[in-house]
Each structure stands twice: as C-alpha cells, then as structure tokens.
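# Analysis of the macromolecular model
Below are the chains, spelled out letter by letter.
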Amino acid sequence: MSRMRVRSGHLALLLAGLAVFIAAGGPAYAAKVISGKSIKAKSIGNKQLATGAVSLAKLSADAKAGLLVGGAAGAAGAQGAAGAQGAAGTTGAMKIVDAQDRRIGTYGGLYANDLLVTLDSGAQLIYDANPANGGPLNIVPGPLYYKAMNCVGQAYVTGGGPPPSIGVILESTPIPGNTVYLAQPGTPLSFSSLSHKTSASCVNAPVSATLSLKAQPAGTVPTVEKPLFLEPQG
C-alpha cells in the first residue's frame, strides 16, 4: 500500500506542476523562467535559429566591427589598350625683320641655302644673302594662263616645278610693289589656254598649259633692306 501511495503522490505533483505551467502562460512563462545561465554553452546552432532571427542591431560592437574588415586585395586587372596619340603641339614661329626692324613675314626654312620668308598671305619668297639685292629671287616667273581671251577669268600657273607655296611674280627682277600670285591646292589641269599674261602684256594666242593650278593674288613684294634677321615671334 505504501508503494501505491508514493506513485500516486508523484502523479499528483506532476499534474499540479502542469496546471501551473498552463495557467502561467505556457511558453511565455517558460521564456521568463529559462535564462541564459540555464542554456548549455554551444547547444544552439544554425538549425535552432529562425531565418532573420538575428538582425544587425542585435550584434555586439565587436561583431559589427568584424563584418567591416576587408578581404585580401584581388589580382591586378589586365592592362587596357593604349589611347589614341594626341595632336602635335604648335611650334613657336620666328619672324623675319629687315635692317630697319620692319617685319617681313615668318621664317619658312631654307631653299637651296637661301632664306624662305612666308608672307602673311601664305606665299613664300626667297631671299639670298647679297645685300645689294633687295628683292626676292624669282624662280617662278610665270606666265599666267587663261581659258578665255584677253586674260580674263581664272588665272592658272604651271606646276610640277618648285613647291606651290613659292610665290609667282611675273617680273623677272622683282621690285617692291610687284604682285605676288599663289597657286591654290587642287588637281592639276592640262588645257589649251586662249591667252596668257606676262610682265609686259596679255597675249591672245593658244598656248598649252600643262599640269596647271589655279592662282590667286597674294599681296605684293615688300620693301626690304638687308640683312634680314630672325627674331622670336612677339
């Protein structure tokens, strides 16, 4: 009989405890009763945590700092293709002045050891070192060719010789004030001209104009007193 009373006492105690648990709110009560001290260390793993249960706000400062540590640097990327070459810079032009400090033009280089002076019009004149010769050398004396009679309309000069940038002067011995003509870029033409112009006059006669370029007036022969000097463009 005593043994039966013992078992009945245990059952009664269990039922009484269950009633208290339910009356206290069940799981809510368990949450109050269970503390961190009663949980065995390392007993809760990923399976016990619901998705999103641990937010960034719940992490400690040390844990947050650990998340900000950067990883090792990655390998360097392949070198890119070379960029396009930049445009060439301009070089400082040198001006040409005469013995009276008059500006004649800019330095255009040398032509057979003689000085090339580029006028503001773009036409180039050739000057030697002879102080007695004040005018430019005339290596393209013309004539000018025309497709019409009486030397009217578009003028042409024969190409194929000196550079087309060399000014054309009809006078064999140029003097200041003579007109300078300049060949224009384009495709050379060969035709039979009906008239042509020299330093003396206009001649109405058929003449063959071979590999000719259009020509336009490009200023006049400047007054020059030698020697000529090279100075920085100011």
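Given the structure is predicted, the values throughout are model-derived calculations rather than measurements.

Okay, the overall build of the protein chain next. Looking only at helices and strands, one finds three helices and twelve strands in the protein chain. Counting the 234 residues in the protein chain, one finds 24% classified as buried. Sequence-distant contacts, at least 24 apart, represent 61% of the contacts inside the protein chain between residues at least 6 apart. Of the roughly 15900 Å² of accessible surface on the protein chain, a fraction of 60% belongs to carbon and sulfur atoms.

Before going further, it helps to examine the sheet that holds strand S1 (residues 94-97). Strand order in this open sheet of five strands is S4-S3-S2-S1-S12, and the pairing throughout is antiparallel. Of all the strands in the sheet, the pair left with one neighbour each is strand S4 (124-127) and strand S12 (229-232). Between one strand axis and the next, the sheet turns through 45° on average, direction left out of account. Pairing geometry for strand S2 (residues 103-111) and strand S3 (residues 114-118), over four bridges, is antiparallel. Considered in S3, the bridge of Thr106 is made with Thr118.

All right, on to the pattern of salt bridges then. Applying the stated criterion across every chain, the model contains four salt bridges. A salt bridge links Lys95 to Glu231, with the nearest nitrogen and oxygen atoms 4.0 Å apart. In this pair, Lys95 sits in strand S1 while Glu231 sits in strand S12, placing the two residues 136 residues apart along the sequence.

Here we come to a nonpolar patch on the surface. A contiguous nonpolar surface patch, about 300 Å² in accessible area, is contributed by Tyr107, Leu110 and Leu230. With respect to the element layout, Leu230 can be found in strand S12.

With respect to the helices, strands and loops of the structure, Ile139 is situated in the loop between S4 and strand S5 (144-146). Residues Ile139 and Gly167 lie 28 residues apart in sequence; the distance between their C-alpha atoms is 8.9 Å.

This next bit is on the environment of Val97. Looking at the secondary structure, you find Val97 in strand S1. Residue classification places Val97 among the buried positions, given a relative accessible area of 2%. Placed ten residues apart in sequence, Val97 and Tyr107 show a C-alpha to C-alpha distance of 9.8 Å. Residue contacts for Val97: discarding those within four places in its chain leaves Arg102, Arg103, Ile104, Pro227, Leu228, Phe229 and Glu231.

Our next topic: the confidence of the model for the protein chain. Chain-level statistics for the protein chain give a pLDDT mean of 79 and a share of 64% at 70 or above. Counting contacts from residues 1-16, a segment whose pLDDT is below 50, to residues more than four positions away or on other chains yields zero contacts. Taken together, the stretch residues 18-22 has pLDDT below 50 and engages in four contacts with residues farther than four places along the chain or on a different chain.

Quick look at the side chain of Ser193 now. For Ser193, the location among the structural elements is in strand S8 (residues 189-193). For Ser193, the residues in contact, after removing those within four places along its chain, are Tyr145, Tyr146, Ala205, Pro206 and Val207.

Quick notes on the rules
- Residues numbered from 1 in each chain as written.
- Predicted model: local features only at pLDDT ≥ 70, side-chain atom pairs only at ≥ 80, totals over all residues.
- Heavy atoms only, no water.
- Helix = DSSP H or I, 4+ residues; strand = E, 2+ residues; numbered from the N terminus.
- Buried < 20%, exposed > 50% of the residue type's maximum accessible area, 1.4 Å probe, protein only.
- Contact = heavy atoms within 4.5 Å.
- Areas by Shrake-Rupley, 256 points an atom, 1.4 Å probe, with all protein chains shown as cover.
- Pairing = 2+ DSSP bridges.
- Axes fitted to C-alpha atoms, helices over the stretch in contact; angles between N-to-C directions.
- Salt bridge = Lys/Arg side-chain N within 4 Å of Asp/Glu carboxyl O.
- Patch = residues over 30% accessible without salt bridge, like charges linked within 9 Å, V, L, I, M, F, W, Y side chains within 5 Å.
- pLDDT = per-residue confidence, 0-100.

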